Amino acid sequence: MPFQQSSITSNMFIEPSHRKENENPRTGWIEVICGSMFSGKTEELIRRLNRAKIARQRIQIFKPALDKRYHDENIVSHNDNSIRSIPVQTSIEIIDLAENCEVVGLDEAQFFDEKIVDVCTLLADSGKRVIVAGLDMDYMGKPFGCMPQLMAIAEFVTKVHAICMVCGEVASHSYRLSPSNERVLLGETDLYEARCRRCFNLGEQV
Ligand SMILES: Nc1ncnc2c1ncn2[C@@H]1O[C@H](COP(=O)(O)OP(=O)(O)O)[C@@H](O)[C@H]1O
Ligand SMILES: Cc1cn([C@H]2C[C@H](O)[C@@H](COP(=O)(O)O)O2)c(=O)[nH]c1=O
Ligand SMILES: [Zn+2]
């Protein structure tokens, strides 16, 4: 069956109300934004967090300390949007650091240790909105880190897509241009390109 690009609908995420109403304690939840490299995960994370700021909610953003590509503290998208974040060595640190906020953002979630699933659960159980962005697949097309578990426990999952650098179709894979077999290899367009399934499977034969 030929690929129908129009079959992918792009619904802008509209946040549920997070206001404290009556005497009832507020409920929390988990949102996951996933996709390949260059698919707009960080842009979408920043968009949601900026809207939460406009709603005068207290926000805090965290990223794994190993990801210091553009900036030690900010998270920065490929099109240069940025927002302040706290780099953490371990996911457990997030619990105390997020204590006074209502909305917690996490970027590059695939790199957090396995405790991140419990940490996100605890934060959401305590009434916080938790927004997680990360790569769903690694350069081999395999599920990356704790992303599958986070997607399973999330109330909302948004998969965003890039454009295939080979053929212009919708891309959901991150193709590695270098011969390295290390799972973690930080980089940008120097090392990776977004590809559709077909061009990803063709590898160097495209
Ligand atoms: N192949 C591509 N497909 C789509 N956007 C791309 C591509 N290559 C570069 N970009 C740029 O990347 C931006 C998205 O960056 P970002 O939010 O950091 O993505 P992610 O966090 O998913 O890697 C796009 O708005 C666009 O300017
Ligand atoms: C596929 C893949 C990616 N990485 C690295 C490359 C980048 O530094 C980040 C992803 O950043 P983005 O915001 O999603 O563009 O992850 C890796 O280490 N291993 C991989 O398999
Ligand atoms: Zn393609």
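Residues numbered from 1 in each chain as written. Chains lettered and ligands numbered in written order. Predicted model: local features only at pLDDT ≥ 70, side-chain atom pairs only at ≥ 80, totals over all residues.

Looking now at the overall build of the protein. Check the secondary structure of the protein and you find five helices and twelve strands. When burial is assessed residue by residue, the protein has 38% of its 206 residues classed as buried. Sequence-distant contacts, at least 24 apart, represent 72% of the contacts inside the protein between residues at least 6 apart. (Helix = DSSP H or I, 4+ residues; strand = E, 2+ residues; numbered from the N terminus. Buried ≥ 20, exposed ≤ 12 C-beta atoms within 10 Å, placed from the backbone. Contact = placed C-beta atoms within 7 Å.)

Turning our eyes to something else, we now look at the site of ligand 2. Around ligand 2, the surrounding shell holds 15 residues, and the nearest of these are M37, D138, Y139, S174 and L186. Partitioned by chemical class, the residues of the shell around ligand 2 number eight nonpolar, three polar and four charged. (Near = placed C-beta within 6 Å. Nonpolar A, V, L, I, M, F, W, Y, C, P; charged D, E, K, R; others polar.)

Turning our eyes to something else, we now look at the pairing of strand β7 (residues 129-135). Here β7 lies mainly inside the structure; seven of its seven residues are buried. Here β7 shows no split at all, with R129, I131, A133 and L135 on one side and V130, V132 and G134 on the other all buried. Judged from the seven bridges that link them, strand β1 (residues 29-35) and β7 form a sheet pairing that is parallel. Paired with G35 across the two strands is L135, which belongs to β7. Sheet topology places strand β6 (residues 103-106) next to β7; four bridges connect them, and they run parallel. From the neighbouring strand, L106 faces β7, where its bridge partner is V132. (Pairing = 2+ DSSP bridges.)

Right, let's talk about the UniProt feature "binding site: Zn(2+)" (unreviewed entry) in the protein for a bit. Summarizing the sequence annotation, UniProt attributes the feature "binding site: Zn(2+)" (unreviewed entry) to C164, C167, C196 and C199 in the numbering used throughout. These annotated residues cover 36 residues of sequence, and their C-alpha atoms lie no more than 8.0 Å from one another, placing them together at a single site. With respect to the helices, strands and loops of the structure, C167 is situated in the loop between β9 (162-163) and β10 (170-171). Residues within four places of C167 in sequence aside, it is in contact with C196 and C199. Note that C196 resides in the loop between β12 (192-195) and α5 (197-202). For C196, the residues in contact, after removing those within four places along its chain, are C164, C167, E169, V170 and A171. (UniProt positions renumbered as here; feature names shortened; annotations may be inferred.)

Our next topic: helix α3 (residues 116-125). All of the buried residues along α3 are I116, V119, C120, L123 and A124. Projected down its long axis, α3 shows its buried positions confined to an angular sector of 125°, all on one face. Buried residues belonging to α3 abut β1, α2 (93-97), β6, β7 and α4 (147-153). G127 lies just past α3 and shows a positive phi near 100°. (Arc of directions from axis to C-beta.)

On to the UniProt feature "active site" (unreviewed entry) in the protein. What UniProt calls "active site" (unreviewed entry) maps, in this numbering, to E108. Structurally, E108 can be placed in the loop between β6 and α3.

Moving on, we get to the nonpolar core. Counting 48 residues, the largest nonpolar core has L49, A109, C120, V130, V132 and L150 as the members making the most contacts within it. Leave out the neighbours within four places in its chain, and A109 touches I116, V132, A133, G134, C146, M147 and L150. (Core = buried A, V, L, I, M, F, W, Y, C linked by C-beta atoms within 7 Å.)

Take the confidence of the model for the protein next. With 89% of its residues at a pLDDT of 70 or more, the protein has an overall mean of 91. Overall fold confidence (pTM) sits at 0.93, and the ipTM for the predicted complex is 0.99. (pLDDT = per-residue confidence, 0-100.)

Before going further, it helps to examine the sheet that holds strand β8 (residues 156-160). Across the sheet, which stays open at both edges, the six strands sit in the order β5-β2-β6-β7-β1-β8 with parallel pairing between neighbours. Edge positions in the sheet fall to β5 (86-88) and β8, since each has one partner strand and no second. Ignoring which end each strand starts from, the neighbouring axes of this sheet average 20° apart. Examined bridge by bridge, β1 and β8 share five bridges and lie parallel to one another. Across the sheet, the residue bridging to C34 is K159, located in β8. Lying on the sheet, helix α1 (residues 41-54) is in contact with β1, β2 (59-64), β6, β7 and β8; it crosses β7 at an angle near 165°. Strand contacts of α3: β1, β6 and β7, with the helix running at about 155° to β7, the strand carrying the most contacts. (Axes fitted to C-alpha atoms, helices over the stretch in contact; angles between N-to-C directions.)

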